[in-house]
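Structure assessment
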Amino acid sequence: MARITASVFTSHVPAIGAALDMGKTAEPYWQPLFAGYDFSKQWMKDNTPDVIFLVFNDHATAFSLDMIPTFAIGTAAQYTPADEGWGPRPVPMVQGHPELASHIAQSVIQQDFDLTIVNKMDVDHGLTVPLSLMCGQPAAWPCPVIPFAVNVVQYPVPSGQRCFNLGKAIAQAVKSYDDDLNIHIWGTGGMSHQLQGPRAGLINKAFDNAFLDQLITDPAALATKPHIDYVREAGSEGIELVMWLIARGAMSDVNAGKAAPHVAHRFYHVPASNTAVGHLILENT
Ligand code: DHB
Ligand code: FE
């Protein structure tokens, strides 16, 4: 039986990818940020999963405004790092897991979530920057990845409650897969940031840290937070945080009556480009 053993939460700031790719990690601006992921890279080596189920958002890269799926699951064998305007990042191809992805699609759609099936997709910084932060700069990523894209770019976006419930459905889907696979589920994006308009550059440390606290201790209550609260308090792009509720909703305290997860690592840092960077590693008990 497949099982989810841990969840990982991290921001995906594109400038972090550029800093890594251009060898700037030791510069004073970036050093404290990357230091926050030293533990995480070792943890990934010590706890390498068989598959990462990676919840992220596409930034009008694979999906333009011509077509906007709310939830899209990648069922391809591999995914190419996208060219977002400066050439593709020099990172490995992302290997998929079509069998498990197809099983999850089948199960989650039968649990009444309408997923879009994606057989071909280039993956942007939303997916590759979290992989770089957690795995460094390897010749190949340590395991297959199932990309799961959520629309948080163009309104209307899914509610926190729907994301949390979707996480529960993903947990059920994983449980009903026969192969003995160790799976990590990642929620990415956030934390507070606004890239546009008069409030561009907005950061809200109090909101971010309260979000991290509640994500750990009371995710069901956090799931009821309405969109407008994210936008008002965490900025227009702070809405990316609803994706973290998908990963949190798949943990065993929510689905199997287990104790609250173990907080293996928690990190918060400002600034990184225009955002606050937040990061958690939670292990199922
Ligand atoms: C920035 C952050 C994002 O999440 C993003 O998708 C693009 C840019 C930034 O901080 O610059
Ligand atoms: Fe983003």
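Residues numbered from 1 in each chain as written. Chains lettered and ligands numbered in written order. Predicted model: local features only at pLDDT ≥ 70, side-chain atom pairs only at ≥ 80, totals over all residues. Heavy atoms only, no water.

By the secondary structure assignment, Arg89 is in the loop between strand E4 (78-79) and strand E5 (94-95). With relative accessibility at 14%, the residue Arg89 sits in the buried group. There is a polar contact of 2.7 Å between the side chain of Arg89 and the side chain of Asp21. Separated by 3.1 Å, the side chains of Arg89 and Thr128 make a polar contact. (Helix = DSSP H or I, 4+ residues; strand = E, 2+ residues; numbered from the N terminus. Buried < 20%, exposed > 50% of the residue type's maximum accessible area, 1.4 Å probe, protein only. Polar contact = N/O pair within 3.5 Å; in protein donor to acceptor, adjacent residues only side chain to side chain.)

Turning next to the coordination of the iron ion (ligand 2). Coordination of the iron ion (ligand 2) by the protein comes from His12 (NE2), His59 (NE2) and Glu240 (OE), over a distance range of 2.1 to 2.2 Å. When the donor residues of the iron ion (ligand 2) are listed from N- to C-terminus, their spacing reads H-x46-H-x180-E. Pair noted here: His59 is in the loop between strand E2 (51-56) and strand E3 (71-74) and Glu240 is in the loop between helix H9 (227-234) and helix H10 (242-249), with a separation of 181 residues, a long-range link. A residue is classified by how much of its surface remains accessible, and Glu240, at 4% relative accessible area, is buried. (Donors = N, O, S within 2.8 Å, 3.2 Å for Na, K, Ca; no water.)

Here the focus is helix H6 (residues 160-175). Compared with the 22 Å implied by 1.5 Å per residue over 16 residues, the 23 Å span of H6 between its first and last C-alpha is a close match. Looking at H6, one finds that the buried residues are Gly160, Cys163, Phe164, Leu166, Gly167, Ala169, Ile170, Ala171, Ala173 and Val174. (Expected span 1.5 Å × (residues − 1).)

Let's shift gears to the environment of His265. With respect to the helices and strands, the residue His265 is situated in strand E9 (residues 262-272). You can call His265 buried: its relative accessible area is 14%. Sequence separation between His265 and Tyr37 is 228 residues, and the spatial gap between their C-alpha atoms is 9.3 Å. Other than its neighbours up to four places away in sequence, His265 contacts Gly36, Phe39, Ser40, His279, Leu280 and Ile281. Within the structure, His265 has its side chain in polar contact with the backbone oxygen of Gly36 (distance 2.8 Å). (Contact = heavy atoms within 4.5 Å.)

The next subject is unusual backbone geometry. For the peptide bond that leads from Gly190 to Met191, omega is -15°, which places it in the cis range. On the secondary structure map, Met191 appears in the loop between strand E8 (182-188) and helix H7 (205-217). Even without being a glycine, Ala60 presents a positive backbone phi close to 55°. Its relative accessible area of 48% is what places Ala60 among the partly exposed residues.

Now for the pairing of strand E10 (residues 275-283). E10 sits mainly inside the fold: eight of its nine residues count as buried. Direction of pairing for strand E1 (residues 3-10) relative to E10: antiparallel, over a ladder of five bridges. Residue pairing across strands places Ala6 opposite Glu283, the latter belonging to E10. Bridging between E9 and E10 involves eight bridges; their strand directions are antiparallel. The residue of E10 that forms the bridge with Arg266 is Leu280. If you look at the hairpin formed by E9 and E10, you'll find two residues sitting between the two strands, and Ser273 has a positive phi there, around 55°. (Pairing = 2+ DSSP bridges.)

A word on the pattern of salt bridges. Tallying each qualifying case throughout the model produces five salt bridges. Among the ionic pairs, Asp21 bridges to Arg89, the shortest N-O distance being 2.7 Å. On the criterion of sequence distance, the pair formed by Asp21 in helix H1 (residues 14-21) and Arg89 in the loop between E4 and E5 is long-range, its members being 68 residues apart. Judged by relative accessible area, Asp21 falls into the partly exposed class, the value being 27%. A salt bridge links Asp38 to Lys41; the shortest N-O distance between them is 4.0 Å. Placement of both Asp38 and Lys41 in helix H3 (residues 38-46) is noted, with a separation of three residues, approximately one turn of the helix. Residue Asp38 is classed as partly exposed on the basis of its relative accessible area, which comes to 48%. Owing to a relative accessible area of 24%, Lys41 belongs among the partly exposed residues under this scheme. (Salt bridge = Lys/Arg side-chain N within 4 Å of Asp/Glu carboxyl O.)

Everything listed is a geometric property; what it means functionally is a separate question.
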